[in-house]
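# Secondary and tertiary structure notes
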Amino acid sequence: MPFTFSPLQITLANSVKDVQNDIISTQNALARGTADLNPGEQGVVTRLSSQAAGYTKIKANLTVAQNIINVGQTALGSVSDILIQMKALATQSQSAGLVDGTDRASLNTSFQQLSTQVSSLITNASLNGSTNNLVSGATALSVTVNQDGTSAMSLTGQGITASITTASLATGIGTSSNAGTMITNLDTLIQAVSTAQANLSAYTVGVTAQMANATGLESGLNGAVASMTAIDSTALQTKLQSLNNQQSIDYYLVSQLNTASAAILSIFR
């Protein structure tokens, strides 16, 4: 007579299998620190994570843009100070009758040296290459601020090199007449530098606002991902203990049924 499992034995066997699978799943979730997700939920998490990573990159670009602005502002501050010194020299040289030729030549030498410093500061007011210079040329930098691929913040170069060329600083202050011309040109140049400083300050305000926006969106997206994948460790530990208890009970019942089955089989031996 062939031996067959009873419905109760089959039910217990399935229970043992289900409990064991649940124990493994719970242990894995605790080890990962994240919840098990169905394919639909995982798709949402992947999409949100990708969007958050996009805003992380936008923040990095904005940080670079702000660094370029900072370099430009530092250079413009130094240039402004030097131009004021140059104007003082020109004013002194213009004073006919109070400055002799030797003194004027000395003043002009100092003036030319400062002019060289100004040119150097403007040329080197860049970050990672001359193309990232908001002081010298008029080329605009474009900074992506959104993930639609079309929105960008434009930072226009201030073209101070052209202003210096117009000011003709190389003319110097070797004569009273030239000194007078330089005073006028320096006033115009100082105003151009002041305007450039104001423009870069405005760019800082814009970059700061965009950074706050990107940070908020990134944080919100990461928060949504964390919420979807978060686990309650305490609840899972409690569940695991309950499953282990259930497994012990199931094993005990299986052993009892096996003992009973063995007793029945012995009758037919």
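Attention in this report is confined to the structure presented alongside it. (Residues numbered from 1 in each chain as written. Predicted model: local features only at pLDDT ≥ 70, side-chain atom pairs only at ≥ 80, totals over all residues. Heavy atoms only, no water.)

A few words on the packing of helix α4 (residues 160–167) against helix α5 (residues 176–229). Between α4 and α5, the shortest axis-to-axis distance is 9 Å and the interhelical angle comes to 170 degrees. Judged by the angle between their axes, α4 and α5 are roughly antiparallel. Contact residues: I160, S163, I164, T166 and A167 in α4; M182, N185, L189, A192, V193 and A196 in α5. Here the contact of α4 with α5 is built from residues that sort into eight nonpolar, three polar and no charged. (Axes fitted to C-alpha atoms, helices over the stretch in contact; angles between N-to-C directions. Helix = DSSP H or I, 4+ residues; strand = E, 2+ residues; numbered from the N terminus. Parallel < 35°, antiparallel > 145°, perpendicular 65-115°, else oblique. Contact = heavy atoms within 4.5 Å. Nonpolar A, V, L, I, M, F, W, Y, C, P; charged D, E, K, R; others polar.)

For S168, which is not glycine, the phi torsion reads 50 degrees and is therefore positive. Structurally, the position occupied by S168 is in the loop between α4 and α5. For S168, a relative accessible area of 32% translates into the label partly exposed. (Buried < 20%, exposed > 50% of the residue type's maximum accessible area, 1.4 Å probe, protein only.)

A separate point is the side chain of Q158. In this fold, Q158 is placed in the loop between β2 (152–155) and α4. Judged by relative accessible area, which is 17%, Q158 ranks as buried. Only 2.7 Å separates the side chain of Q158 from the side chain of N199, close enough to count as a polar contact. In this structure, Q158 is in contact with L134, V135, G137, A196, N199, L200 and Y203, ignoring residues within four places of it in sequence. (Polar contact = N/O pair within 3.5 Å; in protein donor to acceptor, adjacent residues only side chain to side chain.)

When the terminal C-alpha atoms of helix α2 (residues 39–94) are compared, their 82 Å separation across 56 residues agrees well with the 82 Å that a helix rising 1.5 Å per residue should span. By the N-cap criterion, in which a side-chain oxygen at the helix start approaches the backbone nitrogen of a residue two or three places on, α2 is capped by N38, the distance to G40 being 3.0 Å. (Expected span 1.5 Å × (residues − 1).)

Let's shift gears to the environment of D187. In this structure, D187 sits in helix α5. Along the backbone, D187 and I84 are 103 residues apart, and their C-alpha atoms lie at a distance of 8.9 Å. At a separation of 2.6 Å, a polar atom in the side chain of D187 contacts the side chain of K87.

Moving on: a nonpolar patch on the surface. Residues I249, Y252 and L253 make up a contiguous nonpolar surface patch of roughly 290 Å² in combined accessible area. Mapped onto the elements of the fold, Y252 is located in helix α6 (residues 233–267). (Patch = residues over 30% accessible without salt bridge, like charges linked within 9 Å, V, L, I, M, F, W, Y side chains within 5 Å. Areas by Shrake-Rupley, 256 points an atom, 1.4 Å probe, with all protein chains shown as cover. Salt bridge = Lys/Arg side-chain N within 4 Å of Asp/Glu carboxyl O.)

Before going further, it helps to examine the nonpolar core. Core analysis: the largest hydrophobic core is formed by 49 residues, its most contacted members being M86, F111, L155 and L169. Looking at this core, the elements with two or more residues in it are α2, α3 (101–123), β1 (141–144), β2, α4 and α5. The leading source of residues in this core is α2, at 17 residues. Dropping the residues within four chain positions of it, L169 is found in contact with M86, F111, Q112, S115, I164, M182, L186 and L189. (Core = buried A, V, L, I, M, F, W, Y, C linked by side-chain atoms within 4.5 Å.)

What follows is about the packing of α2 against α5. Running from amino to carboxyl end, α2 crosses α5 at an angle of 165 degrees, the nearest separation of the two axes being 7 Å. As far as their axial angle goes, α5 and α2 are roughly antiparallel. As α2 packs across α5, the resulting crossing turns out to be left-handed. The residue makeup of the contact of α2 with α5, split by class, is 32 nonpolar, 21 polar and five charged. (Left-handed = near helix turned anticlockwise from the far one by under 90°.)

Along the chain, S93 falls in helix α2. Here I173 takes part through its backbone oxygen, which lies 2.7 Å from a polar atom of the side chain of S93. Setting aside its immediate chain neighbours within four residues, S93 contacts R104, L107, I173, T175, S176 and A179.

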